[in-house]
Amino acid sequence: MAGQNTRVGTTGANFMTTRENLMLINFKTTAVAFAIVLAGGLMASGTADAQQKTMAIGTGGTGGVYYPLGGAIANVLSKNLPNVQATAEVTGGSVDNLKLIASGQSELGFTMADAAQDAVKGTGKFSSGKVDLRTLLVAYPNRMHVVTVEGTGIEKLADLKGKRVSTGSPGGATEVMAFRVIEAAGLDKDKDMTRERLGVAESVNAIKDRKIDAFFWVGGLPTAAVTDLAATPGMKLKLIDHSEVVDKMNAKYGNLYSAGKIPSGTYPGYDKDNAIAEVWNIIVTGNKMSDDDAYAIVKTLVEKKADLVAVHKEANSFSLDNQVQSRSPVPFHPGALKYFKEKGVGK
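Remember, it's a predicted structure, so these values are computed and weren't measured experimentally.

## Some details on the environment of Ser319
Okay, so step 1: Within the secondary structure, Ser319 is located in the loop between helix 10 (305–309) and helix 11 (334–342).
Okay, so step 2: Taking the relative accessible area as the measure of exposure, Ser319 reaches 18% and is therefore buried.
Okay, so step 3: Along the primary structure Ser319 and Lys305 are separated by 14 residues, whereas in three dimensions their C-alpha atoms are 8.2 Å apart.

## Some words on the side chain of Thr167
Okay, so step 1: Looking at the secondary structure, you find Thr167 in the loop between strand 5 (164–166) and helix 5 (174–184).
Okay, so step 2: With a relative accessible area of 0%, Thr167 lands in the buried category.
Okay, so step 3: Ignoring sequence-local partners within four residues, the contact set of Thr167 consists of Thr174, Glu175, Ala178, Phe179, Ile182, Arg195, Glu196 and Phe216.

## A short note on the packing of aromatic side chains
Okay, so step 1: Considering all chains together, one arrives at four aromatic pairs under this definition.
Okay, so step 2: Ring centres of Tyr66 and Phe110 lie 4.8 Å apart, and the angle between their planes is 15°; this geometry places the pair in the stacked category. Of this pair, Tyr66 sits in helix 2 (residues 66–80) while Phe110 sits in strand 3 (residues 108–112); the two residues are 44 residues apart in sequence, bridging distant segments of the chain.
Okay, so step 3: Since its relative accessible area comes to 10%, Tyr66 is described here as buried.
Okay, so step 4: Taking relative accessible area as the criterion, Phe110 reaches 1% and is therefore assigned buried.
Okay, so step 5: Chaining the aromatic ring pairs together yields one cluster made of Tyr295, Phe332, Tyr339 and Phe340.
Okay, so step 6: When the ring centre of Phe126 is taken as reference, the NZ or CZ atom of Lys99 above it lies at 5.8 Å.
Okay, so step 7: Over the ring of Tyr295 we find Lys338; its NZ or CZ atom is 5.0 Å from the centre of that ring.

## Considerations on the nonpolar core
Okay, so step 1: Counting residues in each nonpolar core, the largest one holds 77 residues, and the members touching the most others are Met177, Ile283 and Phe318.
Okay, so step 2: Setting aside residues up to four positions removed in sequence, Ile283 forms contacts with Ile73, Leu108, Gly109, Phe110, Arg134, Thr135, Leu136, Leu137, Ala139, Leu301 and Phe318.
Okay, so step 3: Counting residues in each nonpolar core, the second largest holds 21 residues, with Val149, Ile207, Val226 and Tyr267 among its members.

## Some details on the confidence of the model for the protein
Okay, so step 1: Of the residues in the protein, 85% reach a pLDDT of 70 or more, and the chain-wide mean stands at 89.
Okay, so step 2: This model gives residues 1–49 a pLDDT under 50, and the stretch forms three contacts once residues within four places in sequence are excluded.

About the cut-offs
- Residues numbered from 1 in each chain as written.
- Predicted model: local features only at pLDDT ≥ 70, side-chain atom pairs only at ≥ 80, totals over all residues.
- Heavy atoms only, no water.
- Helix = DSSP H or I, 4+ residues; strand = E, 2+ residues; numbered from the N terminus.
- Buried < 20%, exposed > 50% of the residue type's maximum accessible area, 1.4 Å probe, protein only.
- Contact = heavy atoms within 4.5 Å.
- Phe/Tyr/Trp six-rings, centres within 6.5 Å; stacked < 30°, edge-to-face > 60°.
- Lys NZ or Arg CZ within 6 Å of the ring centre and 35° of its normal.
- Core = buried A, V, L, I, M, F, W, Y, C linked by side-chain atoms within 4.5 Å.
- pLDDT = per-residue confidence, 0-100.

Encoded structure:
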């Protein structure tokens, strides 16, 4: 009996073990199947994540044109390019944008042509090293504003001597061009004026508070901060003519600049043309962007121009007619050239 009980017990134990094994096998099978499904889902998710591209766009300060136009570009690219999430970054301007591209922190950015030339040559604010750049698009001409208000005694560039003047923020190319205008006018930026380094919005606030007498700003038309100054009660905007310095600037720095004008009526209450120096803005990237990505970006910016113009009218210049290598010291990206060639635009 004891033996039987032992045997029965053993048989019972064997029976339970078999049933448990079957349950365990079923559980393992289910678990493996679930794991496969889960892994597949994770792999699919991982693939989707891997395809998602983030794209930082270097712009400028909030009072200028680069920032709102950069925001419009970010929206257009995110909306029209699959798996692209673009963002516009507030920066000090061209110099900052080029340095962000060099460090891999931005994929593309706005810059003035003169700052870009310094970057590719490794001169000026880029003396620590050259930046390998490619042009995606010639954007629009940037107009030099030499801004003051009535009551400062400033009628011409020579009158800046002895005055308090902002020449632009350290991270922007306004400072680059302002120094060249001042030099061409026969003034010394360090000895002939008390110099501040303010962005356009800060410059407007400072001139309102009578902390400075004048400021330099290179931007599109209209620039919001300058519009604000022109519309300020008790202030009468004055823009100083300076197109006479263009030839001297080009003689020293290459044919980057041209004489232009800020048309009358651009700013509230300003009823005469302002003779100025101007330089082209370009949108650039580094040397890592693929031809396919460059092609898609340029195609989108040109063909969705109306969406950009709705934010700022300077985007009207995002046209194929303006894609001329002589307007940029930086070679065009092969992907951009491919699109231009398809559209019959020769370089």
